[in-house]
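Next come the chains, spelled out residue by residue.
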Amino acid sequence: MGDLNNIDIGWRSALMFAVCLPLVIAAIMLLARRVERVANNFLAVFLLIAVIAQVPQIIGFSGFYTVWPGLTLAPFGVELYAGPLLYLHAYSLMIGPPLHWRRWLLLPGILQTVYYTICSLTLGDYRAKWDYSGSIHVPYVDPVETVLGLALMLFAIVFIFRMIARYRVFLNNTQSAAADFDPTWLKRLMIAIVLAGILFAVLELVPLITGPVSYVSAYPPQVLLTAVIAWLGFQALVQTTVAFPKMKAPDSPGEASPEQPDSKDWGSEGSALQVAVESGGWHLESRLSIKDVASRMASN
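Residues numbered from 1 in each chain as written. Predicted model: local features only at pLDDT ≥ 70, side-chain atom pairs only at ≥ 80, totals over all residues. Heavy atoms only, no water.

### Let's talk about the overall build of the protein chain
The helix and strand inventory of the protein chain stands at 11 helices and 0 strands. Along its sequence from the N terminus, the protein chain presents helices and strands in the succession α-α-α-α-α-α-α-α-α-α-α. Per-residue burial over the protein chain gives 41% buried out of 300 residues. Residue pairs in contact within the protein chain that sit at least 24 positions apart in sequence constitute 77% of those at least 6 positions apart. Summed over its atoms, the accessible surface of the protein chain is roughly 16,500 Å², and 66% of this surface lies on carbon and sulfur atoms. (Helix = DSSP H or I, 4+ residues; strand = E, 2+ residues; numbered from the N terminus. Buried < 20%, exposed > 50% of the residue type's maximum accessible area, 1.4 Å probe, protein only. Contact = heavy atoms within 4.5 Å. Areas by Shrake-Rupley, 256 points an atom, 1.4 Å probe, with all protein chains shown as cover.)

Right under this line is the structure:
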């Protein structure tokens, strides 16, 4: 262990800590929220993961690696969680549980954490860790993490955009106040993810071409990326104050029975429905849904 006097909390560490602090606050508030608990929990964990990813910047500029060189290969590599957590957040918000096979998307991140934990605890002193990092981790493990992280993020972006498109159709067909639940904030979230993905790609791919990026060179885009994620977290806090209507998962069993001759007089049904809605003043309720009307009419 080095001299503790070498630890110096400079402006770079302080600024990164200040940018990360809102992420922690937003995550705690999301974890405490009872509405949309599953979706908010996934987003809260994503925000905390974003903070963990910035710990090397905070402690690096403060001199911790000089004092404790054994921190090399500490379990701060968490990028494989990012895409799956955002996808599971969006899926839980718009479609809802059960998640089925989708929870397995978290497995690469779990394996990544296990890998770094084993390296940190079993490789011995910092010299052994430096040797392992230079001979195995950097040339072989880093490229796999980079490609897999980008693939998982691309998967999340594509499928969340598709979910948003389906969800808007669902809202327009089932909700009288569709605008209240329109996932505009999720679209903004996806734009933020694309920007974050570009920054992530730059930070991860450039070292493969030009060699390792120094802490100083990587610092500005990481600060910007963290600020974007903080904005994302508070957007979610503002928008998820009520439960979102859920659409049926595309791979869930169909509920409709085989086609049979239709014996209902739908003209009479529609007239009765119109009378009930107008006489009861239901049309004046901003959040009236088809489900509400069906329940009041004792219908399916």
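### A look at the packing of aromatic side chains
On inspection of all chains with the given rule, the structure shows 7 aromatic pairs. With centroids separated by 5.2 Å and ring planes inclined at 70°, the aromatic side chains of tyrosine 115 and tyrosine 116 adopt a geometry described as edge-to-face. Taking the centre distance of 4.8 Å and the plane angle of 70° together, the rings of tyrosine 126 and tryptophan 130 count as edge-to-face. With tyrosine 126 and tryptophan 130 both in helix α6 (residues 126–174) and 4 residues apart, the pair spans about one turn of that helix. By relative accessible area, tyrosine 126 is classed as partly exposed at 26%. Each residue in the set Tyr87, Tyr91, Phe155 and Phe159 is aromatic and connected to the rest through ring pairs, giving one cluster. (Phe/Tyr/Trp six-rings, centres within 6.5 Å; stacked < 30°, edge-to-face > 60°.)

### Overview of the confidence of the model for the protein chain
A low pLDDT score tells you not to read the predicted coordinates there in detail. Model confidence for the protein chain is summarised by a mean pLDDT of 81, while 82% of its residues fall at 70 or above. Here helix α8 (residues 184–210) stands out as the least confident element of the protein chain, with mean pLDDT 67; helix α5 (residues 107–122) is the most confident, with 95. Taken together, the stretch residues 253–262 has pLDDT below 50 and engages in 3 contacts with residues farther than four places along the chain or on a different chain. (pLDDT = per-residue confidence, 0-100.)

### Remarks on the packing of helix α1 (residues 11–32) against helix α2 (residues 37–62)
Taken N-terminus to C-terminus, the directions of α1 and α2 make an angle of 165°; their axes are 8 Å apart at the nearest point. In terms of axis orientation, α1 runs roughly antiparallel to α2. Both α1 and α2 take part in a crossing whose hand is left-handed. Tallied by class, residues from the contact of α1 with α2 come to 17 nonpolar, 6 polar and 2 charged. (Axes fitted to C-alpha atoms, helices over the stretch in contact; angles between N-to-C directions. Parallel < 35°, antiparallel > 145°, perpendicular 65-115°, else oblique. Left-handed = near helix turned anticlockwise from the far one by under 90°. Nonpolar A, V, L, I, M, F, W, Y, C, P; charged D, E, K, R; others polar.)

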